[in-house]
Amino acid sequence: MARVAAGAHFLSDVAWAGAPIDELIASQISALEADAARVRLEGESIQLPPQTALQFALIVHELAANAVQHGALSSPEGRLNVSWVATAGDPRLIELTWREEGGPAVVSPASRGFGLTLIERSGALSNMKTALEFHREGVIARVVAEARADNKGSGLFNPGQKRTQGRRPVQRPQSTVVRRVLIMDRSLSRALLLEDMLDNAGYMA
C-alpha cells in the first residue's frame, strides 16, 4: 500500500508540475513492485510539461500493470526495455518505445479492457500518437507525444467521453451543499480519470 500511495502522490505532482520522463517511468514500474533488475531504461532525462507527463504516466502505468500481471515481468526470464528520444523541431516530439521479451507467449487480446482502451484512445489526442503490437515474443508499444510547454489542444483522455476539455473554474452559489467523495481504486489511472470527469462535470475535486 505504501508504494501505491507514493505512486498516487507522484501522479498528483505530475499533474501540476510535470516530471522528468525517466523518473516518471521508474515511479510507475516501482509502484507495482516490479523487479527493477529486469527493467532497462534508456534515454536522456527530459522534463515533460504537466499535461504530457500525466498522459505518459497513465499509459506507462497500464503497460507496467499488464507486464507485471500477464507479460514479461510476470515470469523470471522476462525482460523489459524502455527507450525514448527527443526530436528537434517545432513542436518538439518525444518518441518512446516499450519492448517486452522473454515472458509468456503473447496472444492478441480478443476484447478491449480499460487499459488497452486507454492506450489506444490516447492516440486520438491532438498531441499524442500511440501504437500497440502483440508479437508472440512480447508486447511492443510506441508513444509519440508533443512536449510543448503550453499544452494547447491536448486535453485529458476520458474512457467515457473519449476526451475531456481543459479544466475550467466553476461558479457555485453560496448555498451549495458540500459533499465529499472518496475515490478508491487499485488502478491509479482509473482514479485520476474519474476525478477529472467529476471536475469537468462541475464538482470540486
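Below is a short write-up of the structure.

Parameters and conventions
The numbers attached to residues start from 1 for each chain and follow its sequence in the written order. Two thresholds apply to this predicted model, a pLDDT of at least 70 for residue-level local features and 80 or more for giving and counting side-chain atom pairs, whereas whole-chain, interface and lining totals are computed over all residues. Think of the side-chain values as coming from all heavy atoms in the structure, minus any hydrogens and water. In this description a helix means any DSSP run of H or I spanning at least four residues, a strand means any run of E spanning at least two, and both kinds are numbered starting from the N terminus. Partly exposed residues are those whose accessible area sits between 20% and 50% of the maximum for their type, while under 20% is buried and over 50% is exposed, using a 1.4 Å probe and protein chains only. By definition, residues are in contact when any of their heavy atoms lie within 4.5 Å. Accessible areas in this description were obtained via Shrake-Rupley with a 1.4 Å probe; residue shielding takes into account the shown protein chains only. To form a nonpolar core, buried Ala, Val, Leu, Ile, Met, Phe, Trp, Tyr and Cys residues must be joined to one another through side-chain atoms within 4.5 Å. Any pair of nitrogen or oxygen atoms within 3.5 Å is treated as a polar contact; in protein, a donor-acceptor pairing is required on top of that, and neighbouring residues in sequence qualify only through side-chain atoms on both sides. For this analysis, a salt bridge means a side-chain nitrogen from Lys or Arg found within 4 Å of a carboxyl oxygen belonging to Asp or Glu.

In terms of regular secondary structure, the protein chain is built from five helices and nine strands. For the protein chain, the α and β elements follow one another from N to C terminus as α-β-α-β-β-α-β-β-α-β-β-β-β-α. Out of the 205 residues belonging to the protein chain, those deemed buried represent 41%. A separation of at least 24 residues holds for 71% of the contacts in the protein chain among residues at least 6 apart in sequence. Put simply, the protein chain shows about 11600 Å² of open surface, and 52% of that area lies on carbon and sulfur atoms.

For Val-85, the position within the fold is in strand S4 (residues 79-87). It is 6.7 Å that separates the C-alpha atoms of Val-85 and Leu-96, two residues lying 11 residues apart in sequence. The contact partners of Val-85, leaving out residues within four places of it in the chain, are Leu-93, Ile-94 and Glu-95.

The next thing to look at is the nonpolar core. Counting 33 residues, the largest nonpolar core has Ile-21, Ile-25, Ile-29, Phe-56, Leu-96 and Trp-98 as the members making the most contacts within it. Listing elements by their share of this core, those giving two or more residues are helix H2 (21-31), helix H3 (50-69), S4, strand S5 (93-101), helix H4 (114-122) and strand S7 (138-146). When residues in this core are grouped by element, the largest group, 10 residues, is from H3. Setting aside residues no more than four positions away along its own chain, Leu-96 makes contact with Ile-21, Ile-25, Phe-56, Val-82, Ser-83, Trp-84, Ala-141, Arg-142 and Val-143.

Along the chain, Asn-127 turns up in the loop between H4 and strand S6 (128-135). Under the relative-accessibility criterion, Asn-127 is labelled buried at 3%. Side-chain polar atoms of Asn-127 contact the side chain of Gln-55, separated by 3.2 Å.

Time to look at the pattern of salt bridges. Tallying each qualifying case throughout the model produces three salt bridges. The partner of Arg-38 in a salt bridge is Asp-35, with the nearest N and O atoms 3.4 Å apart. Look at Arg-38 and you get buried, because its relative accessible area is 12%. Note that Arg-142 is salt-bridged to Glu-133, the shortest N-O span being 3.3 Å. When its relative accessible area of 32% is taken as the criterion, Arg-142 is described as partly exposed. Overall, Glu-133 belongs to the partly exposed group, its relative accessible area being 27%.

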